[in-house]
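Understanding the architecture of this molecule
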Amino acid sequence: MEHELKPADRVEVTVLVDNYIDIFVPQSTPVDHRLPFSPSRHILAEHGLSCLVRVFAGDKEHTILLDTGLSRECMAWNARQLGISLAGIEAVVLSHGHFDHTGGLPGLLTGMGRQVPLIAHPDAFLKKRMTGPKGIAELLPPDAVALKKAGADILLRSEPSTLADDLLLVTGKVERKTPFEKGMPGMEMFTDGRWQPDPIRDDQALVINVKDKGLVVLSGCAHAGIINTVEYAKKITGVDHVNAILGGFHLTGPAFAQVIPPTIDGIQRIDPDYVVPMHCTGWDAINRFMAAMPGKCIFNTVGTTYVF
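Since we're looking at a predicted model, the values are computed, not measured. (Residues numbered from 1 in each chain as written. Predicted model: local features only at pLDDT ≥ 70, side-chain atom pairs only at ≥ 80, totals over all residues. Heavy atoms only, no water.)

With that out of the way, let us pick up the sheet that holds strand β15 (residues 214-219). If you walk across this open sheet you meet the 6 strands as β10-β11-β14-β15-β16-β17, and the pairing is mixed. In this open sheet, the two strands that pair with only one neighbour each are β10 (161-163) and β17 (274-278). Neighbour-to-neighbour, the strand axes of the sheet open up by a mean angle of 20°, direction not taken into account. Alignment of β15 against strand β16 (residues 242-248), held across 5 bridges, turns out to be parallel. Within the sheet, the bridge partner assigned to L215 lies in β16 and is V242. Sheet strands in contact with helix α4 (residues 226-237) are β11 (168-170), β14 (205-210), β15 and β16, and its direction is about 135° off that of β15. (Pairing = 2+ DSSP bridges. Helix = DSSP H or I, 4+ residues; strand = E, 2+ residues; numbered from the N terminus. Axes fitted to C-alpha atoms, helices over the stretch in contact; angles between N-to-C directions. Contact = heavy atoms within 4.5 Å.)

Right, dumping it as structure tokens:
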């Protein structure tokens, strides 16, 4: 079922949190706008992701925040260093409930002084853990009660929905059809009174349709698979051309090494104008994307704004 997504004149994605910082990376394409060097500006990086999304249509402007990074401090600090006020955010969207995407939420909400819509899949608040050869690592979910007290208006949605006067779409649960995109091994969730395998159903992405350019798809970790995510975005919007794919593709580490080549092949078949791998994509995969898609693949650093 298609969801009507109004075309935007322009979208700006500013990266507030990511794993990489390099103040000397030059602009490489017409769409990546790097910070000018300043010895007085101190930008931080951490294992997490947060992106400020501004969507423009006519004289209307909407600001949405995707994720809030790992720590309480990093996102807020970087926003101040960039001269960005977070006070005007209309809503926060959680790509999923993992700790490296939700850490800045309590501080953000406390400082807003008003209720802020928080859009998430219901599974984002389940207890989760990761099992492996080295044992079990508990993954504490966001504290829904504390977030509500801090000012979150929690909106649980598993189906596609729109924000910003129908200029921005949240995918909800992503269809999984690509054979090699099997999720994250060893993940478990506590539901129905017991621990069971976690397919990370709460994984979702943001989608904007830029007029005469096509879709801009922004993922958090793409635990559903970045190919699945983009193909689902195309399906539910009815828009075939993809202008840009940005975000974490979760291809880091030995468990995902064999998934890198078919993922690059799949992205090449989609043929976006630009691809910006971030966060959990991993150094090896990012370098392979850069080699396979010269002129289209952009190396991301914290503080960069992408204008489509």
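Now for a negative patch on the surface. Together, E4, E90, D165 and D166 make up a negatively charged patch on the protein surface. For E90, a relative accessible area of 32% corresponds to the partly exposed category. (Patch = residues over 30% accessible without salt bridge, like charges linked within 9 Å, V, L, I, M, F, W, Y side chains within 5 Å. Areas by Shrake-Rupley, 256 points an atom, 1.4 Å probe, with all protein chains shown as cover. Salt bridge = Lys/Arg side-chain N within 4 Å of Asp/Glu carboxyl O. Lys, Arg positive; Asp, Glu negative; His and termini not counted. Charge placed at Lys NZ, Arg CZ, Asp CG, Glu CD. Buried < 20%, exposed > 50% of the residue type's maximum accessible area, 1.4 Å probe, protein only.)

Sheet architecture is open: 8 strands sit in the order β2-β18-β1-β3-β4-β5-β6-β9, paired in mixed fashion. On the outer flanks of this sheet lie β2 (32-33) and β9 (152-156), each paired with one strand and no other. Relative to strand β4 (residues 60-66), strand β3 (residues 50-57) runs antiparallel, the two being bridged by 7 bridges. Among the inter-strand pairings, A57 is bridged to a residue of β4, identified as K60. Against the sheet, helix α1 (residues 74-81) makes contact with β1 (10-17), β3 and β4, and its axis sits at roughly 120° relative to β1, the strand it touches most. Packed on one face of the sheet, helix α2 (residues 105-112) meets β4, β5 (91-93), β6 (116-120) and β9 and runs near 155° to β6.

In this section: the pattern of salt bridges. As enumerated under the stated definition, the model contains 15 salt bridges in all. Two residues, D198 and K128, come together in a salt bridge whose shortest N-O distance is 3.2 Å. Remark: K128 occurs in strand β7 (residues 128-132) and D198 occurs in the loop between β13 (194-197) and β14; sequence separation between them is 70 residues. Here the two residues D198 and K128 agree in accessibility, since each one is buried. Residues joined by salt bridges that share partners form a network here, namely R10, E12, R54 and E61.

This next bit is on α4. Between the first and last C-alpha of α4 there are 17 Å, a value that for 12 residues agrees with the 16 Å anticipated at 1.5 Å per step. In terms of residue burial, α4 counts as a mostly covered element, since 10 of its 12 residues are buried. Among the residues of α4, I226, I227, N228, T229, V230, Y232, A233, K234, I236 and T237 are the ones counted as buried. On the buried face of α4, the contacting elements are β11, β14, β15, β16 and α5 (260-270). Phi for G238, located one or two positions after α4, is positive at around 75°. (Expected span 1.5 Å × (residues − 1).)

Next up on the list: the packing of aromatic side chains. This structure, assessed with the given rule, holds 7 aromatic pairs. Between F190 and W195, the ring centres sit 5.4 Å apart and the planes meet at 65°, which makes this aromatic pair edge-to-face. A residue is classified by how much of its surface remains accessible, and F190, at 31% relative accessible area, is partly exposed. The partly exposed category is assigned to W195, whose relative accessible area is 23%. On the basis of an interplanar angle of 85° and a centroid distance of 5.9 Å, the ring pair of W283 and F299 is categorised as edge-to-face. In this pair, W283 is assigned in helix α6 (residues 283-292) and F299 in the loop between α6 and β18 (305-307), connecting sequence segments 16 residues apart. Ring pairs connect the aromatic residues Y20, W283 and F299, which therefore count as one cluster. When the ring centre of F56 is taken as origin, the NZ or CZ atom of R10, which lies over that ring, is 3.9 Å away. (Phe/Tyr/Trp six-rings, centres within 6.5 Å; stacked < 30°, edge-to-face > 60°. Lys NZ or Arg CZ within 6 Å of the ring centre and 35° of its normal.)

These results come straight from atomic positions and should not be treated as a statement about function.
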